[in-house]
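As a plain string of letters, each chain reads:
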Amino acid sequence: MNNIVEILKYIWNLPEELIEPIEFIPDFLKDALIDSLGLIPFLFIIFVLIEFIERYYAKKRHLFVFWIKKIGPLFGSLFASLPQCGFSVIASTVYTRRLLSRGTLVAVYLATSDEAIPVLLTYPQKAPLILPIIAVKIAVAIVVGYIVDWLVTYNAKEPVIEEGHDEDIEGCCHHHLIHATRKRDFWLHPLKHTLNIFVFIFLISVVLAFILSRAGSEEVIAKYCLMNSPLQPFLVSLVGLIPNCAISVMLTMLFVKNTISFGSLVAGLCTSGGLGILVLLRKNGDKKDTFIILGLLVLVGTILGLIFQYNVFNINGLFEIIGVKM
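In this text, all values refer to a predicted model and were calculated from it rather than measured experimentally. (Residues numbered from 1 in each chain as written. Predicted model: local features only at pLDDT ≥ 70, side-chain atom pairs only at ≥ 80, totals over all residues. Heavy atoms only, no water.)

**Focus: the nonpolar core**
1) Next: With 64 residues, the main nonpolar core has Leu110, Ile201 and Leu297 as its most contacted residues.
2) Next: Apart from residues no more than four positions distant in its own chain, isoleucine 201 is found in contact with Ser36, Leu39, Leu43, Val119, Val249 and Met253.
3) Next: In this structure, Ile19, Ala32, Ile34 and Val206 belong to the second largest nonpolar core, which totals 8 residues. (Core = buried A, V, L, I, M, F, W, Y, C linked by side-chain atoms within 4.5 Å. Buried < 20%, exposed > 50% of the residue type's maximum accessible area, 1.4 Å probe, protein only. Contact = heavy atoms within 4.5 Å.)

Here you go:
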């Protein structure tokens with residue numbers, strides 16, 4: 001075990017040893033490179049594990065659709081908590097055919113973690129927050145999902161479905177989930193995903209490092225980003241609606257750099273349904289129904305973010321009992 005720890009430390013510190021002596025690279029760019037390059041091997045390992053999950057899930061798609069229709073928000077939120085956006089894509093596609101309830105779709109979006117969990121796993125000091133994030137998102141998703149099915153009575157328009165049309169479902173990195181069982185791309189998908197997330201992290205790190213070099217401290221940046229303001233969770237929840245993997249990466253990096261609060265991160269991740277929201281926007285023929293769903297996500301995300309930001313009901317103390325400090 002000690003040897004493994006030493007190897008991991010060596011991999012983590014290698015970029016700094018290689019890049020720090022290079023004099024012609026500006027300091028802010030050095031910081032961004034050091035922060036980003038060290039994550040590549042860890043991200044790749046995580047995405048290989050996720051590929052295993054996706055391949056197993058691809059063989060059980062019919063069971064996923066069956067149970068999500070039967071149990072609804074409970075089953076949907078548990079599956080959506082796995083760190084990939086494929087489930088939100090599937091749920092959105094099934095919903096646009098009116099084969100599952102609105103509350104179930106809202107629960108799937110609220111529980112979806114997208115890329116936040118893999119990114120947090122690469123930062124040991126923030127990794128303990130992963131379980132609280134997942135637990136809170138699942139609990140809120142289940143409760144809100146059933147409440148939506150109970151209280152929101154608007155009947156969305158029935159879709160027009162072409163006969164014999166086989167829906168092609170696409171996940172992150174244009175990864176076609178219908179063909180997820182093909183062996184030839186087993187290593188290609190995790191590698192491509194790792195490189196995409198690395199690029200997102202690097203670009204965000206460059207921007208933040210440059211701003212930090214001009215602003216002088218993280219506290220100044222946080223002030224401009226409305227840290228501790230009640231507006232921040234609301235604004236971040238709106239940003240979370242943007243249907244792109246880069247958004248959850250950006251929000252996680254802003255949190256790691258102490259630019260947004262933990263409450264704002266939770267708010268943004270609650271609305272960050274990944275490519276599933278893009279499917280909803282494109283294929284849901286009832287725009288009022290789409291607006292209701294997105295509005296519910298922003299409302300729940302903002303309220304939850306404010307609860308954590310202002311420690312309402314001493315919620316942060318509940319997690320401190322198990323040794324997790326918010």
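Further notes follow.
**Considering the environment of leucine 269**
1) Next: Structurally, leucine 269 is set in helix α14 (residues 262-271).
2) Next: Each C-alpha atom of the pair leucine 269 and leucine 110 lies 7.5 Å from the other, and the pair is 159 residues apart in sequence. (Helix = DSSP H or I, 4+ residues; strand = E, 2+ residues; numbered from the N terminus.)

**Structural notes on the side chain of threonine 302**
1) Next: Within the secondary structure layout, threonine 302 lies in helix α16 (residues 287-309).
2) Next: From its side chain, threonine 302 meets the backbone oxygen of valine 298 in a polar contact 2.8 Å long. (Polar contact = N/O pair within 3.5 Å; in protein donor to acceptor, adjacent residues only side chain to side chain.)

**So, the packing of aromatic side chains**
1) Next: Considering all chains together, one arrives at 3 aromatic pairs under this definition.
2) Next: On the numbers, 5.3 Å between centres and 80 degrees between planes, the contact of phenylalanine 262 with phenylalanine 308 is edge-to-face. On the criterion of sequence distance, the pair formed by phenylalanine 262 in helix α14 and phenylalanine 308 in helix α16 is long-range, its members being 46 residues apart.
3) Next: For phenylalanine 262, a relative accessible area of 8% translates into the label buried.
4) Next: By relative accessible area, which is 4% here, phenylalanine 308 ends up buried.
5) Next: A connected cluster of aromatic rings, assembled from ring pairs, spans Phe255, Phe262 and Phe308. (Phe/Tyr/Trp six-rings, centres within 6.5 Å; stacked < 30°, edge-to-face > 60°.)

**Points about the environment of histidine 193**
1) Next: Positionally, histidine 193 belongs in helix α10 (residues 188-215).
2) Next: In the structure, histidine 193 is positioned 149 residues away from phenylalanine 44 in sequence and 8.0 Å away in space, judged by C-alpha atoms.

**Quick notes on a negative patch on the surface**
1) Next: On the surface, Glu16, Glu17, Glu20, Asp27 and Asp31 cluster together to form a negatively charged patch.
2) Next: Only α1 (2-19) and α2 (27-37) provide two or more residues apiece to the negative patch.
3) Next: Its location among the elements puts glutamate 20 in the loop between α1 and α2.
4) Next: Given a relative accessible area of 41%, glutamate 20 falls into the partly exposed group. (Patch = residues over 30% accessible without salt bridge, like charges linked within 9 Å, V, L, I, M, F, W, Y side chains within 5 Å. Areas by Shrake-Rupley, 256 points an atom, 1.4 Å probe, with all protein chains shown as cover. Salt bridge = Lys/Arg side-chain N within 4 Å of Asp/Glu carboxyl O. Lys, Arg positive; Asp, Glu negative; His and termini not counted. Charge placed at Lys NZ, Arg CZ, Asp CG, Glu CD.)

**Section: the pattern of salt bridges**
1) Next: Evaluated as defined, the whole model comprises 2 salt bridges.
2) Next: For the salt bridge of arginine 98 with aspartate 289, the shortest nitrogen-to-oxygen distance reads 4.0 Å. Here aspartate 289 lies in helix α16 and arginine 98 lies in the loop between α6 (86-96) and α7 (102-111), a separation of 191 residues in the sequence.
3) Next: Take arginine 98: its relative accessible area is 17%, and that puts it in the buried class.
4) Next: Since its relative accessible area comes to 0%, aspartate 289 is described here as buried.

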